[in-house]
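If you want the building blocks of each chain, they are given just below.
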Amino acid sequence: MMNFKMSLSLFFLLAFLQLNAQSDIQRIEKGVEKLYEAMVNKDEKGLMHLTSKQLTYGHSSGTIENKEQYIEAVMTGSFDFFSIIPENQTIYISKDIGIARHIFVANGTNNGEKEDVRIGVLMTWQKQGDNWQLLARQAYKL
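How each quantity is defined
- Residues numbered from 1 in each chain as written.
- Predicted model: local features only at pLDDT ≥ 70, side-chain atom pairs only at ≥ 80, totals over all residues.
- Heavy atoms only, no water.
- Pairing = 2+ DSSP bridges.
- Helix = DSSP H or I, 4+ residues; strand = E, 2+ residues; numbered from the N terminus.
- Phe/Tyr/Trp six-rings, centres within 6.5 Å; stacked < 30°, edge-to-face > 60°.
- Buried < 20%, exposed > 50% of the residue type's maximum accessible area, 1.4 Å probe, protein only.
- 1 Å grid on protein atoms, 1.4 Å probe; cavity = no way out; pocket = protein on both sides within 12 Å on 5 of 7 lines; lining within 4 Å.
- Points joined across faces, edges and corners; volume = space filled by probe spheres on them.
- Nonpolar A, V, L, I, M, F, W, Y, C, P; charged D, E, K, R; others polar.

*Asks:* What exactly am I supposed to notice about the pairing of strand β4 (residues 97-110) here?
*Replies:* Taken residue by residue, a regular strand's side chains alternate between the two faces of the sheet. With 13 bridges joining them, strand β3 (residues 79-94) and β4 adopt antiparallel strand pairing. Opposite T90, over in β4, you have R101 as the bridge partner. Hairpin connection from β3 to β4: two residues lie between these consecutive antiparallel strands, with K95 at a positive phi of about 60°. Following β4, the chain reverses through two residues before pairing antiparallel with strand β5 (residues 113-128); N111 in that reversal takes a positive phi of roughly 55°.

Here it is as structure tokens:
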């Protein structure tokens, strides 16, 4: 049987781990929010900071882009976002990997024509130091 000090120590350790996981979930939520803001605002510096050098970015059309291709497409591509909202988002953490799933709801124009987008998204975030960066993203048609 555990003694009181050991039980108390275990309790505080578990509480600390839970708070740390909550903090990481909040950081990933903020990362998703900032990524979408950077896409809407065509903020190249923000996109560079939020994405991993090894980024693989998959579109619902089947197109796959690396970091440079993804950022170039956001900055100069045919789609101009007015808003992006992640609906029904869930986030799970496993060590230095975070998985975010949500419905990507966006409004904008594609080649000048109004277009609304509603697709599913799976994102993999990796903790690098104290920062979370997008490592992989795959969209799928609903």
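*Asks:* Just to check I follow, could you spell out the packing of aromatic side chains for this structure?
*Replies:* For any pair of aromatic rings, the description rests on two quantities: the centre-to-centre distance and the angle between the ring planes. One pass over the structure, following the stated rule, counts four aromatic pairs. Both rings, one in Y36 and one in F104, keep their centres 5.2 Å apart while their planes meet at 85°; by these two values the pair is edge-to-face. Here F104 lies in strand β4 and Y36 lies in helix α1 (residues 4-41), a separation of 68 residues in the sequence. For the pair Y36 and F104, one class covers both residues: buried. Taken together, the ring pairs connect Y36, F79, F81 and F104 into an aromatic cluster.

*Asks:* How do you make sense of the layout of surface pockets when you look at a structure like this?
*Replies:* Empty space among the atoms becomes apparent when a probe as large as a water molecule is rolled across them. A volume near 450 Å³ is recorded for the largest pocket. Lining the largest pocket are 19 residues, with H59, F79, F81, F104 and V117 positioned closest to its centre. Contributing elements (two or more residues each) for the lining of the largest pocket: α3 (67-76), β3, β4 and β5. Its boundaries defined by the atoms lining it, the second largest pocket holds a volume of some 270 Å³. Contributing to the lining of the second largest pocket are 15 residues, with K30, G31, K34, H49 and L50 lying nearest its centre. Those elements that provide at least two residues to the lining of the second largest pocket are α1, α2 (44-50) and β6 (131-141). Of the residues forming the lining of the second largest pocket, the biggest block, seven residues, is contributed by α1. Of the residues in the lining of the second largest pocket, the class split is four nonpolar, five polar and six charged.

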